[in-house]
Amino acid sequence: MTDIDAVSEVRGRSLWADARRRLFTNKAAVTSMIILSIVAVMVLLAPFLSPHDFDATDWELMSSPPTIANAHFFGTDSLGRDLFVRTLYGGRVSLMVGIVATLVSLLIGITYGATAGYFGGKIDHLMMRFVDILYAMPFMFFVILLMVFFGRNIFLIFVAIGAINWLDMARIVRGQTLSLKRKEFIEAAEAAGVPGFTIIRRHIVPNLLGVVIVYVTLTIPQVILVESFLSFLGLGVQEPFTSWGALVNEGAKDMETASWSLIFPAIFLALTLFCFNFIGDGLRDALDPKDR
Amino acid sequence: MLAFAFKRFLGAWPTLLLIITVAFFMVRLAPGGPFDTEKTLPPEIQANLDKKYHLDEPLVMQYGRYLWDIARGDFGPSFQYKDYSVNELIGAGFPVSLRLGGSAILLALIIGVTLGAIAALRQNSRVDYSVMTTAMVGISIPNFVMAPLLLLVFAVYLGWLPAGGWEGGSFRNTVLPIIALSLPQVAYIARLTRGSMIEVLRSNFIRTARAKGLPEHTVIIRHALKPALLPVVSYLGPATAAVITGSVVIEQIFGLPGLGRYFVQGALNRDYTLVMGVVIFYGVLIIVFNLIVDLLYAVLDPRVRY
């Protein structure tokens with residue numbers, strides 16, 4: 001044990017250990033991680049936390065205020081469905097959309113950006129010009145059209161949102177790749193005759209990890225926001241399934257008589273976005289120490 | 001400078017063409033037509049309708065016709081609002097949206113820059129932390145959540161302001177939508193200003209200005225503010241796009257007769273021409289605004305080479 005400690009002390013801290021240390025001294029980020037974990041656990045364990053089903057209607061208790069007695073902790077909606085369970089189930093959809101769509105955009109963005117950056121020259125110019133053109137498109141409107149015309153399908157939401165968000169990722173990754181490819185170890189790989197795409201996969205992409213992690217934590221809340229936006233317009237997930245955006249939409253309709261149906265989903269949505277943003281900021285400060 | 005402006009101007013055309021093309025084919029390839037009703041129309045009437053709106057021609061012909069019409073500034077007749085052309089509908093809705101969006105951006109600029117500058121000047125103080133935390137709240141609460149909450153407090157509980165409607169754009173009717181629309185932008189602009197201000201305050205020319213013995217407010221206002229505002233200027237492009245998108249829900253929530261509402265109604269009613277018209281109109285607006293921002297940036301920042 002002592003030997004290992006001595007060695008690691010001599011070797012100094014790695015980039016990642018250093019970043020971790022900085023991240024854990026950031027109070028806002030740590031608090032956010034704790035809150036987010038609680039939300040995540042609640043969302044995962046939703047069926048065990050309440051005796052009610054997410055789509056069970058109780059005609060006797062429509063729009064009833066929150067009570068502990070009958071386990072309607074957040075009250076019920078206008079159809080007598082338990083809002084506590086619905087909020088948690090809505091969280092499942094919102095978080096899942098956030099994570100899956102971010103992965104989609106990650107995959108496209110990294111492949112595209114790393115290819116453009118690594119090959120450079122004409123290929124780079126053409127590929128990035130295409131990104132510039134797409135960048136100026138009013139995408140939200142096209143996503144709305146897509147949802148209206150081609151059905152309100154959750155997989156379409158994943159694809160549509162993922163397809164918008166890769167543009168930023170591609171730009172960031174390209175910039176990083178441009179500076180990475182001048183490094184000696186890439187030169188060495190080239191000299192050893194490693195083919196282009198293998199260099200990208202084996203040597204470039206792993207070195208992009210820091211930037212990518214920061215970007216992912218900042219993309220997830222954006223995606224959740226887009227999904228909520230669509231659901232708010234009634235274009236996202238369809239009944240009886242729900243998401244935080246859909247719940248806020250329903251809550252906004254009943255707010256004059258049943259304010260709890262707006263407030264609880266709104267708190268969950270805002271709190272989650274808040275935590276992701278704080279963690280993203282904390283990670284950026286931790287991994288990019290030049291601003292200290 | 002002129003050559004640079006011209007180059008940027010040329011660069012905007014492919015985007016515009018792409019917007020028109022995607023909008024056109026997406027709308028046309030969608031299942032379900034604008035005249036789908038509960039009962040099926042007699043074939044003769046269907047044929048007449050199709051003929052009137054040129055829906056019986058091959059798609060490529062329709063596309064060519066549409067491009068030609070747009071080139072002349074004509075978005076065609078609305079399919080749903082009979083007797084109205086899309087141009088008239090846009091003309092009716094846009095002033096409302098422009099007032100909302102314009103006021104929201106102006107408000108966001110004034111408050112955002114002030115807060116950001118104050119936070120930067122008192123870096124790592126309690127003021128700084130509270131401004132930045134508030135900004136984070138502003139970013140994290142989407143405006144479609146903020147809007148109903150504002151309504152709940154100010155219209156339902158306190159009863160100070162009406163719960164919606166336009167009423168010719170009176171102050172009482174527009175104040176809540178404008179606040180809801182501008183809050184996220186206030187937050188972004190405050191964060192941007194703080195970040196760049198901190199960087200600028202560390203630079204040599206600020207040290208020189210202070211060493212000359214200039215009073216602090218002169219240093220800040222005359223020397224630091226202009227370079228610190230450059231990132232805010234370039235953010236104005238995305239901010240416009242965000243405000244335009246946001247106005248779609250805000251107009252819906254507050255029941256305002258703006259362009260965003262026409263868009264949502266048009267999409268739900270499959271009003272092809274209206275939807276395409278609004279998307280293209282917004283596309284042009286965003287492109288033009290980005291162009292202006294680019295040129296403004298080039299004028300303000302002497303380091304930009306063109």
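Just above, that's the structure.
A. Focus on the overall build of chain A. Helices and strands together make up the secondary structure of chain A, namely 13 helices and zero strands. Going from the N terminus to the C terminus, chain A shows its helices and strands as α-α-α-α-α-α-α-α-α-α-α-α-α. Counting contacts in chain A only where the partners sit at least 6 residues apart, residues at least 24 apart contribute 70% of the total. Entry remark: accessible area of chain A is about 14100 Å², with carbon and sulfur atoms responsible for 66%.

B. Focus on the interface of chain A and chain B. Of the residues lining the interface, 39 residues belong to chain A; the matching set on chain B comes to 44 residues. A buried area of about 3700 Å², summed over both sides, lies between chain A and chain B, and 83% of it is on carbon and sulfur atoms. Looking only at chain A, the three residues that lose the most surface to chain B are A:Phe141, A:Phe142 and A:Phe149, adding up to 19% of its buried area. Ionic pairing is found between A:Asp281 and B:Arg191, a salt bridge with its closest N-O pair at 3.1 Å. Counting across the interface, chain A meets chain B through three residue pairs in polar contact (both at pLDDT 80 or more). Of all the secondary structure elements, the ones that give two or more residues to the side of chain A that touches chain B are helix 6 (121–135), helix 7 (139–149), helix 11 (209–232), helix 12 (244–254) and helix 13 (260–287) of chain A. With 11 residues, the single largest contributor to the side of chain A that touches chain B is helix 13 of chain A. Residue classes in the side of chain A that touches chain B are distributed as 30 nonpolar, three polar and six charged.

C. Summary view of the pattern of salt bridges. All chains considered together, the criterion is met by eight salt bridges over all chains. Here B:Arg210 and B:Glu216 are joined by a salt bridge, their closest N and O atoms 2.8 Å apart. For B:Glu216, a relative accessible area of 40% gives the class partly exposed. Linked by salt bridges that have partners in common, A:Arg129, A:Asp132 and A:Arg171 make up one network.

D. Spotlight on the packing of aromatic side chains. All names here are of chain A. For the structure shown, the criterion picks out 17 aromatic pairs over all chains. Look at tryptophan 244 and phenylalanine 268: their rings are 6.2 Å apart centre to centre, the planes differ by 50°, and that puts the pair in the tilted class. A residue pair is termed long-range when its members are at least 10 positions apart, and tryptophan 244 in helix 12 and phenylalanine 268 in helix 13 qualify at 24 residues. Like phenylalanine 268, tryptophan 244 is buried.

E. Representation of a nonpolar patch on the surface within the structure. All names here are of chain A. Residues Val41, Leu44, Leu45, Phe48 and Leu49 make up a contiguous nonpolar surface patch of roughly 520 Å² in combined accessible area. Within the residue set of the nonpolar patch, elements represented by two or more residues are helix 3 (27–44) and helix 4 (46–49). Judged by its relative accessible area of 63%, leucine 44 falls in the exposed class.

F. Looking closely at empty space enclosed by the protein. All names here are of chain B. Evaluation of the coordinates by the stated rule reveals one cavity of 30 Å³ or more. Its volume calculated, the largest cavity comes out at about 30 Å³. Considering the residues around the largest cavity, the lining is formed by Pro162, Gly164, Arg172, Asn173, Leu176, Pro177 and Phe254. In terms of residue class, the lining of the largest cavity is built from four nonpolar, two polar and one charged.

G. Highlighting the packing of helix 7 of chain A against helix 8 (residues 154–180) of chain A. Residue and element names in this part refer to chain A. Contact geometry of helix 7 with helix 8 gives a least axis separation of 10 Å together with a crossing angle of 165°. Considering their axes alone, helix 7 and helix 8 lie roughly antiparallel with respect to each other. Once helix 7 is placed against helix 8, the crossing between them reads as right-handed. For the pair helix 7 and helix 8, contact is made by Phe139, Val143, Leu146 and Met147 and by Leu156, Ile157, Ala160, Ile164 and Leu167, respectively. Its residues placed into classes, the contact of helix 7 with helix 8 shows nine nonpolar, no polar and no charged.

Each value, and the rule that gives it
Here the residue index of a chain counts from 1 through its sequence in written order. Working convention: letters from A go to chains and numbers from 1 go to ligands, in the order in which they are written. Only residues with pLDDT of at least 70 are given local features in this predicted model, and only at 80 or more are side-chain atom pairs given and counted; all residues enter the totals for whole chains, interfaces and linings. Working from all heavy atoms in the structure, the side-chain values ignore hydrogens and water. In this text, helices come from DSSP runs of H or I with a minimum length of four residues, and strands from runs of E with a minimum of two, each type numbered from the N-terminal end. Whether two residues are in contact is decided by their heavy atoms: any pair within 4.5 Å suffices. Using the Shrake-Rupley algorithm and a 1.4 Å probe, accessible areas are obtained, with residue cover drawn only from the displayed protein chains. Joining two parts hides part of their accessible area as seen by a 1.4 Å probe, and the buried area is that hidden amount summed over both. Basic side-chain nitrogens of Lys or Arg form a salt bridge, by our definition, when they fall within 4 Å of a carboxyl oxygen of Asp or Glu. Counting of polar contacts relies on pairs of N or O atoms within 3.5 Å, with two restrictions inside protein: one atom must be capable of donating a hydrogen and the other of accepting it, and residues adjacent in sequence are counted only when both atoms are side-chain atoms. Charged means Asp, Glu, Lys or Arg here, nonpolar means Ala, Val, Leu, Ile, Met, Phe, Trp, Tyr, Cys or Pro, and polar covers whatever is left, Gly included. Burial classes follow relative accessibility: with a 1.4 Å probe on protein chains only, a residue under 20% of its type's maximum area counts as buried, one over 50% as exposed, and anything between as partly exposed. By convention, a stacked pair of Phe, Tyr or Trp rings (six-membered ring in the case of Trp) has centres within 6.5 Å and planes under 30 degrees apart, an edge-to-face pair has planes over 60 apart, and any other such pair is tilted. Each patch groups residues whose relative accessible area exceeds 30% and which form no salt bridge, using 9 Å between like charges and 5 Å between nonpolar side chains of Val, Leu, Ile, Met, Phe, Trp and Tyr. For cavity detection a 1 Å grid was placed over the protein atoms alone, and a set of points counts as a cavity when a 1.4 Å probe fits there but cannot get out; an open set counts as a pocket when protein lies on both sides within 12 Å along at least five of seven lines, with lining residues being those that have an atom within 4 Å of a point. Grid points are joined across faces, edges and corners, and a volume is the space filled by probe spheres set on the points. Note on definitions: angles span 0 to 180 degrees between N-to-C directions of axes, and those axes are lines fitted to C-alpha atoms, for helices only across the stretch in contact. By the definition adopted for this analysis, an angle is roughly parallel if under 35 degrees, roughly antiparallel if over 145, roughly perpendicular if from 65 to 115, and oblique otherwise. The hand of a helix crossing depends on one turn: near helix anticlockwise from the far one by less than a right angle means left-handed, and clockwise means right-handed.

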